[in-house]
Amino acid sequence: MTVTVRVPAKVNVQLAVGGARPDGFHDLANVFLAVGLYDEVTVTPADELSVTCTGPDADQVPLDRTNLAARAAVELARRYDIDPAVHLHIAKDIPVAGGMAGGSADGAGALLACDTLWGTNASREELLDICAELGSDVPFSLVGGAALGLGRGERLRALEVGGTFHWVFAMAGRGLSTPAVFREFDRMNEGVRIPEPVASQELLDALAKGDAAALAAAVSNDLQPAALSLFPELAETLAAGRAAGALAALVSGSGPTTAFLAGDPESAAEVVRALSASGTCRTVRTASGAVPGATVLGR
Ligand code: C5P
């Protein structure tokens, strides 16, 4: 038997970052929106645990037990006293080290796929608990839609979304390490008293109404200055998207993928054309959201 799970990427429409905590993590007010760009994780019984990956960035994906998909399988198996002898295949479409939770998607996908394959029937709470152990963004990859993530981003509250938002994503020529971006954030804010991160009510209202112009006026990403400091060329990509009529242009999460909000599919196509012609990025994709989280496709 084989189980395939499809998992979406995310964009952070708000990423408010607090000061570094004693454990090194940062408290966040993190507003996630799941968008229709997907990885698929397929799990098949095998003699021993193994991981393979296909897709444009496949050569950058670790295939050992550090892969979040492998870690998810091992942790679920440990809790239920099962031998994690499975083959995990990742069909990867979400950029690697791109700020769109691609690794987290694979962790959530493998977890749901193994739960289905093994018939462990873990509760939603237990799956979310394992997700939070795997990484700050993994719980959101499981639930999808839109959510406010508090704590280090793992404590989720589902948010209402009143319409479809049309996005364009520009993938950069190289990745950015999330810990390195947070370290740069700390360096740039040394000696600064950072206020407690809070979600913007205007932004939550815009999401609930499905109002793209209001959402564009409210988006923010506190990691953007740090990402731009490590990857200054991203400013040119952001400028090219803005010049093409994007309602908002921002770095997605810790980057370096840049995200452009468009009012409708036609304006999104215009932004795609301009970004592709700009020579400032590797590939350009459209995706809309919100979309559901990890979903079992078939067995
Ligand atoms: O939780 P995750 O393993 O995805 O986080 C990767 C790294 O990002 C952490 O090791 C930490 O350096 C940084 N991080 C952070 N504060 C958060 C989330 C992540 O400092 N809330």
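Residues numbered from 1 in each chain as written. Predicted model: local features only at pLDDT ≥ 70, side-chain atom pairs only at ≥ 80, totals over all residues. Heavy atoms only, no water.

A.B. asks: Quick question: what am I supposed to make of the nonpolar core here?
C.D. replies: Here is a general trend for soluble globular proteins: nonpolar side chains tend to be buried in one another's company. Counting residues in hydrophobic clusters, the biggest one holds 70 residues, and the most contacted among them are V13, L33, V35, L88, W167, F169 and L215. Those residues within four positions of F169 in sequence are excluded, and the remaining contacts are V11, V35, M100, T257, T258, A259, T283, V284, R285 and A287. Counting 29 residues, the second largest nonpolar core, distinct from the first, contains V168, A172, A226 and V251. (Core = buried A, V, L, I, M, F, W, Y, C linked by side-chain atoms within 4.5 Å. Buried < 20%, exposed > 50% of the residue type's maximum accessible area, 1.4 Å probe, protein only. Contact = heavy atoms within 4.5 Å.)

A.B. asks: Sorry, what's going on with the pairing of strand 6 (residues 155-158) here?
C.D. replies: In summary, the side chains of a regular strand alternate between the two faces of the sheet. With four bridges joining them, strand 5 (residues 146-150) and strand 6 adopt antiparallel strand pairing. Along strand 6, the bridge assignment pairs L150 with R155. Taken together, strand 5 and the strand that follows it, strand 6, pair antiparallel across an intervening segment of four residues, in which G151 is found at a positive phi of about 65°. (Pairing = 2+ DSSP bridges. Helix = DSSP H or I, 4+ residues; strand = E, 2+ residues; numbered from the N terminus.)

A.B. asks: Please explain the side chain of S141 as it appears in this structure.
C.D. replies: Within the secondary structure, S141 is located in helix 4 (residues 138-143). The class for S141 is buried, based on a relative accessible area of 3%. Aside from chain neighbours lying at most four places away, what touches S141 is V7, P8, A101, S104, A105, A108, G293 and A294.

A.B. asks: What's the story with the pattern of salt bridges in this structure? I'm lost.
C.D. replies: Pairing is possible between side chains of opposite charge, provided their charged atoms come close. Here the structure, examined in full by the defined rule, presents 14 salt bridges. Linking E270 and R273 is a salt bridge whose minimum nitrogen-to-oxygen distance equals 2.8 Å. Placement of the pair is E270 and R273 together in helix 10 (residues 265-278), with a separation of three residues, close to one helical turn. By relative accessible area, which is 37% here, E270 ends up partly exposed. The network of salt bridges with common partners includes E75, R78, R79, E126, D129 and E133. (Salt bridge = Lys/Arg side-chain N within 4 Å of Asp/Glu carboxyl O.)

A.B. asks: I would appreciate a short explanation of the packing of helix 2 (residues 102-118) against helix 3 (residues 124-134) in the present structure.
C.D. replies: Packed helices, taken two at a time, are described by the angle their axes make and the gap between the axes. Interaxial distance between helix 2 and helix 3 falls to 10 Å at its minimum, and their mutual angle equals 145°. Where helix 2 crosses over helix 3, the handedness of that crossing is right-handed. Here helix 2 contributes G107, L111, L112 and D115 to the contact with helix 3, which in turn contributes L127, I130, C131 and L134. Here the contact of helix 2 with helix 3 is composed, by residue class, of six nonpolar, one polar and one charged. (Axes fitted to C-alpha atoms, helices over the stretch in contact; angles between N-to-C directions. Left-handed = near helix turned anticlockwise from the far one by under 90°. Nonpolar A, V, L, I, M, F, W, Y, C, P; charged D, E, K, R; others polar.)

This is a description of form; function is not addressed.
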